[in-house]
Amino acid sequence: MTANWAAFATAEPDLAGTVEKRFGAYTHHILATLRKDGSPRTSGLEVRVLNGELWLGMMPDSLKALDLRRDPRFALQANPGEGTGMGGGDVRISGRAVEVDDAETKAGYVEEVEPPEPFHLFRTELTEVVRTYVEDETYLVIQIWKPGAPLRTIKRT
């Protein structure tokens, strides 16, 4: 089961707000894709939340774009920032990336983001969102959201 960003934000608005803030705090994040041989590849990436979707834009024929064309599964980790503070916690998103070739959709993205052209544009279908943070300097708290399921919260000491 998958969901777009709007469905996630409707289901869990507080978590979605925190996740969006974490991704908005820095420009570059880490995308994990799968190579032809199945081994992982990590790459830097900029992401945008626009019109109820989480978008991944990439340079033409980049290896990460070719990976996603072959196998759409991805994991995305927000830049943790400087030092060890992890303000807002560690945030990860998993899902599937669907390439968008529709000229009107790409034109709308260009109008908002002004990326260098040409480019690949992928719309994401979320399968999991995870936030990990420290509470009261005592507990490690893990929040896990999956489409169609309630938010799970795990506290560890």
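Residues numbered from 1 in each chain as written. Predicted model: local features only at pLDDT ≥ 70, side-chain atom pairs only at ≥ 80, totals over all residues. Heavy atoms only, no water.

What about the pairing of strand S1 (residues 29-34)?
Let me state the cut-off plainly: Relative accessible area decides the class of each residue, using a 1.4 Å probe on protein chains only: under 20% of the type maximum gives buried, over 50% gives exposed, and in between gives partly exposed. Numbering of helices and strands runs from the N terminus; a helix is a DSSP stretch of H or I covering at least four residues, while a strand is a stretch of E covering at least two. Following DSSP output, two strands are said to pair if at least two bridges run between them.
Because side chains alternate across S1, one face comprises the buried residues His29, Leu31 and Thr33, and the other comprises Ile30, Ala32 and Leu34, none of which is buried. Where S1 and strand S2 (residues 40-45) come together, six bridges link them in antiparallel fashion. Bridge pairing links Leu31 to Ser43 in S2. Between the antiparallel neighbours S1 and S2 lie five residues, among them Gly38 with a positive phi of about 90 degrees. Bridge count between S1 and strand S5 (residues 73-77): three bridges; the pairing is antiparallel. Pairing of Leu31 across the sheet is with Leu76, part of S5.

Concerning the packing of aromatic side chains
Each aromatic ring pair is characterised by the separation of its centres together with the angle its planes make. Filter applied, for reference: Only Phe, Tyr and Trp rings are paired, with Trp represented by its six-membered ring, and only when their centres lie within 6.5 Å; those with planes under 30 degrees apart are stacked, over 60 edge-to-face, the remainder tilted. The criterion is that NZ of a Lys, or CZ of an Arg, lies within 6 Å of the ring centre and within 35 degrees of the ring normal, and then a charge sits over that ring.
Counted by the stated rule, this structure contains four aromatic pairs. Consider the rings of Trp5 and Phe8, whose centres lie 5.1 Å apart with planes at 80 degrees: the pair is edge-to-face. Taken as a pair, Trp5 and Phe8 lie in helix H1 (residues 5-11) at a separation of three residues, close to a single helical turn. Residue Trp5 is classed as buried on the basis of its relative accessible area of 4%. By relative accessible area, which is 0% here, Phe8 ends up buried. Each residue in the set Trp5, Phe8 and Trp145 is aromatic and connected to the rest through ring pairs, giving one cluster. Across the ring face of Tyr133, the terminal group of Arg131 is positioned such that the distance to the ring centre comes to 3.9 Å. Positioned above the aromatic ring of Tyr139, the side-chain terminus of Lys155 is 5.0 Å from the ring centre.

Focus: the nonpolar core
Quick reminder of the rule: Buried residues of nine kinds, namely Ala, Val, Leu, Ile, Met, Phe, Trp, Tyr and Cys, make up a nonpolar core once their side-chain atoms join them within 4.5 Å. Note on contacts: a residue pair qualifies if any of its non-hydrogen atoms lie within 4.5 Å across the two residues.
The biggest cluster of nonpolar side chains holds 25 residues, and the ones touching the most others in it are Phe8, Val19, Leu56, Leu76 and Ile93. At the level of secondary structure, the elements contributing two or more residues to this core comprise H1, helix H2 (13-24), strand S4 (53-58), helix H3 (63-70), S5, strand S6 (90-99) and strand S7 (120-135). If we skip the residues at most four places from it in the chain, Leu56 touches Leu31, Leu45, Glu46, Val47, Leu68, Leu76, Ala97, His120, Leu121, Phe122 and Thr124. Formed by seven residues, the second largest nonpolar core is a distinct cluster that contains Leu50, Tyr109, Val113 and Phe119.

Considerations on the environment of Ala3
Looking at the secondary structure, you find Ala3 in the segment before H1. Sequence separation between Ala3 and Tyr109 is 106 residues, and the spatial gap between their C-alpha atoms is 20 Å. Excluding anything up to four places from it in sequence, Ala3 contacts Thr124, Glu125, Leu126, Trp145 and Pro147.

Considering the confidence of the model for the protein chain
Note the threshold: Per residue, pLDDT captures the predictor's confidence, and it can take any value from 0 to 100.
Per-residue pLDDT for the protein chain has a mean of 93; in total, 96% of the residues score no lower than 70. Ranking the helices and strands of the protein chain by mean pLDDT puts S5 first, with 98, and helix H4 (residues 103-113) last, with 93.

Things to note about the environment of Arg92
As a reminder, the rule being used: Pairs of N or O atoms within 3.5 Å make up the polar contacts considered here, provided that, within protein, one atom can donate a hydrogen while the other can accept it, and that residues adjacent in sequence are counted only when both atoms are side-chain atoms.
As for its position among the elements, Arg92 is in strand S6. Classification of Arg92 by relative accessible area gives partly exposed; the value is 31%. With 73 residues separating them along the chain, Arg92 and Val19 place their C-alpha atoms 8.4 Å apart. Setting aside residues up to four positions removed in sequence, Arg92 forms contacts with Leu76, Gln77, Glu128, Val129, Val130 and Thr132. Reaching out from Arg92, the side chain makes a polar contact with the side chain of Asp90 at a distance of 2.6 Å.

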